[in-house]
Amino acid sequence: MSLAALVAGAAALPAQADDPRLRGVAAAIAASNDENRDWREDRREHRGERREDRRENRGDRRDDRRDWRADRRDDRRDHRGDRRDDRRDWRADRRDDRRDWRDDRRDDRRDWRHDRRYDHRYARHDDRRWRGNYWRPEYRYRPTVRYVYPPGYRAYRWQVGHRLPPAYYGRPYYVDYRHYRLPPPPYGHRWVRVDRDVVLVAITTGLVLDVLYDLYY
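Thresholds applied
Residues numbered from 1 in each chain as written. Predicted model: local features only at pLDDT ≥ 70, side-chain atom pairs only at ≥ 80, totals over all residues. Heavy atoms only, no water. Helix = DSSP H or I, 4+ residues; strand = E, 2+ residues; numbered from the N terminus. Buried < 20%, exposed > 50% of the residue type's maximum accessible area, 1.4 Å probe, protein only. Contact = heavy atoms within 4.5 Å. Phe/Tyr/Trp six-rings, centres within 6.5 Å; stacked < 30°, edge-to-face > 60°. 1 Å grid on protein atoms, 1.4 Å probe; cavity = no way out; pocket = protein on both sides within 12 Å on 5 of 7 lines; lining within 4 Å. Points joined across faces, edges and corners; volume = space filled by probe spheres on them. Nonpolar A, V, L, I, M, F, W, Y, C, P; charged D, E, K, R; others polar. Salt bridge = Lys/Arg side-chain N within 4 Å of Asp/Glu carboxyl O. pLDDT = per-residue confidence, 0-100. Pairing = 2+ DSSP bridges. Polar contact = N/O pair within 3.5 Å; in protein donor to acceptor, adjacent residues only side chain to side chain. Axes fitted to C-alpha atoms, helices over the stretch in contact; angles between N-to-C directions.

Per the secondary structure count, the chain includes two helices and five strands. Burial analysis of the chain (217 residues in total) assigns 22% to the buried set. Residue pairs in contact within the chain that sit at least 24 positions apart in sequence constitute 48% of those at least 6 positions apart.

Structure, rendered in structure tokens:
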């Protein structure tokens, strides 16, 4: 006899029927129903947990997006703030450069006017030992010390109005004008030796006021 027939028979028999097979079938059916209920409840719980997990995942994603957008906004603000600071610094540097340039121009003008005052005071003596800016050969001097150019420099013919680099008119290059009976230098000027020549230079600016070529041989 099949299980379906037994179930149908069990349903059709009165409750007082005491058949062991029917009791076993009824017990099997009840157990199956309980298992189905447990399985369905487990599924419902599992689905509920999955829904909660999805909700939490969506909430986490939304929070991540909000944080990412907030970070981007902060980065943009910081970048804009840095650009503004860079522009301010650049403008401040330009202002400082302009001020320095103007100050340098003022200093150059003052030095130039100062040197021009000395130009008016200085007068070259009429001496037969030189003609123009050239020392006559018969009156040349033999140097007692070999001339050494300042480091990084080489032979160059300096002229009146040039600016002599400071390395050329340090104390070792000073010339005693009295020994050679040269015109006394104006205040703030010095006669200095440059190879075979002597140059009258302003100590503060390096402006060349006078040159005598070939004083030495």
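What follows picks up the thread again.
With that settled, consider the packing of aromatic side chains. Enumeration over the complete set of coordinates arrives at eleven aromatic pairs. Relative to Tyr149, the ring of Tyr147 has its centre 5.0 Å away and its plane inclined at 90°; by these criteria the two rings are edge-to-face. With centroids separated by 5.8 Å and ring planes inclined at 85°, the aromatic side chains of Tyr180 and Tyr216 adopt a geometry described as edge-to-face. Here Tyr180 is found in the loop between β2 (134-135) and β3 (189-194), whereas its partner Tyr216 is found in the segment after β5 (208-212), with 36 residues between them in sequence. For the pair Tyr180 and Tyr216, a shared accessibility class is recorded, and that class is buried.

It is worth spelling out the layout of surface pockets at this point. Approximately 350 Å³ is the volume found for the largest pocket. Lining the largest pocket are 17 residues, with Thr144, Val145, Tyr180, Arg193 and Tyr216 sitting closest to its centre. Tallied by class, residues from the lining of the largest pocket come to eleven nonpolar, two polar and four charged.

Moving on, we come to the pattern of salt bridges. A full pass over the atoms with the stated rule returns five salt bridges. Here Arg129 makes a salt bridge to Asp127, at a shortest N to O gap of 2.9 Å. Looking at Arg129, the relative accessible area reads 5%, which means it is buried. For Asp127, a relative accessible area of 19% translates into the label buried. Here Arg140 and Asp214 are joined by a salt bridge, their closest N and O atoms 3.9 Å apart. Highlighted residues: Arg140 in the loop between β2 and β3 and Asp214 in the segment after β5, separated in sequence by 74 residues.

This brings us to the confidence of the model for the chain. Per-residue pLDDT for the chain has a mean of 80; in total, 77% of the residues score no lower than 70. Note that residues 10-17 has pLDDT below 50 and, in this model, two contacts with residues that lie over four places away or in other chains.

Let us look at the pairing of β5. For β5, the buried fraction is high: five of the five residues fall into the buried class. One ladder, built from four bridges, connects strand β4 (residues 197-202) with β5; its direction is antiparallel. Residue pairing across strands places Val198 opposite Leu212, the latter belonging to β5. The antiparallel pairing of β4 with β5 creates a hairpin that spans five residues between the two strands, and Gly206 there sits at a positive phi of about 80°.

What follows deals with the side chain of Asp127. With respect to the element layout, Asp127 can be found in the loop between α2 (20-121) and β1 (130-131). A polar contact of 2.9 Å, which involves the side chain of Asp127, links it to the backbone nitrogen of Arg129.

Taken in spatial order, the three strands line up as β3-β4-β5 in an open sheet, and their pairing is antiparallel. In this open sheet, the two edge strands, each paired with only one partner strand, are β3 and β5. Averaged over neighbouring strand pairs, the angle between their axes works out to 20° when direction is ignored. Here β3 runs beside β4; their pairing, made up of six bridges, is antiparallel. Across the sheet, the residue bridging to Arg190 is Val201, located in β4.

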